[in-house]
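The residues making up each chain are set out below.
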Amino acid sequence: MNTPFDRSYKSWTMQLQKLAAERDLEWIVSTKPNAHRTAYESGLSPEEELTALSDMGQWRGCGCGGA
């Protein structure tokens, strides 16, 4: 769900980092200045960005088809 933000990118990234820390997911949030700008400009909330990053960061097996 895309939601508009009236806050600055800096404020948005601070919220993203806060949420990541609360969930022990700091490792998945980039510290590069503009790493998450696309998500911000697309209207994603920090919560939505963290969820997407978390989903991508989950191990889903080796892909070898073994059980």
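In this report, the structure presented in the accompanying data block is examined. (Residues numbered from 1 in each chain as written. Predicted model: local features only at pLDDT ≥ 70, side-chain atom pairs only at ≥ 80, totals over all residues. Heavy atoms only, no water.)

1. Concerning the side chain of Glu49
Structurally, Glu49 can be placed in helix α3 (residues 46–57). The buried charged residue Glu49 lacks any salt bridge partner; its closest oppositely charged side chain belongs to Arg23, at an N-O distance of 11 Å. Glu49 has contacts with Trp12, Leu16, His36, Ala39 and Leu44, leaving out every residue within four places of it along the chain. (Helix = DSSP H or I, 4+ residues; strand = E, 2+ residues; numbered from the N terminus. Buried < 20%, exposed > 50% of the residue type's maximum accessible area, 1.4 Å probe, protein only. Lys, Arg positive; Asp, Glu negative; His and termini not counted. Salt bridge = Lys/Arg side-chain N within 4 Å of Asp/Glu carboxyl O. Contact = heavy atoms within 4.5 Å.)

2. What about the pattern of salt bridges?
Considering all chains together, one arrives at 3 salt bridges under this definition. Notably, a salt bridge pairs Arg37 with Glu41, separated by 3.8 Å at the nearest N-O pair. With Arg37 and Glu41 both in helix α2 (residues 37–41) and 4 residues apart, this pair spans about one turn of that helix. The exposure class of Arg37 is partly exposed, given its relative accessible area of 28%. Take Glu41: its relative accessible area is 59%, and that puts it in the exposed class.

3. What about the packing of aromatic side chains?
Scanning the entire structure with this criterion turns up 3 aromatic pairs. With a centroid separation of 6.1 Å and 15° between ring planes, the pair formed by Tyr9 and Trp12 is classed as stacked. Pair noted here: Tyr9 and Trp12 are both in helix α1 (residues 9–22), with a separation of 3 residues, about one helical turn. Relative accessible area serves as the criterion here: at 0%, Trp12 is assigned to the buried category. An aromatic cluster is built from Tyr9, Trp12 and Tyr40, whose rings are joined through pairwise contacts. Lying across the ring of Tyr9, Arg37 places its NZ or CZ 4.0 Å from the centre. (Phe/Tyr/Trp six-rings, centres within 6.5 Å; stacked < 30°, edge-to-face > 60°. Lys NZ or Arg CZ within 6 Å of the ring centre and 35° of its normal.)

4. Observations regarding the side chain of Glu48
Turning to its location among the elements, Glu48 is positioned in helix α3. No salt bridge is formed by the buried Glu48. Its closest oppositely charged neighbour is Arg7, at 9.1 Å. In terms of polar contacts, Glu48 uses its side chain to reach the backbone amide nitrogen of Ser45, at 2.7 Å. (Polar contact = N/O pair within 3.5 Å; in protein donor to acceptor, adjacent residues only side chain to side chain.)

Taken by themselves, the reported measurements are silent on function.
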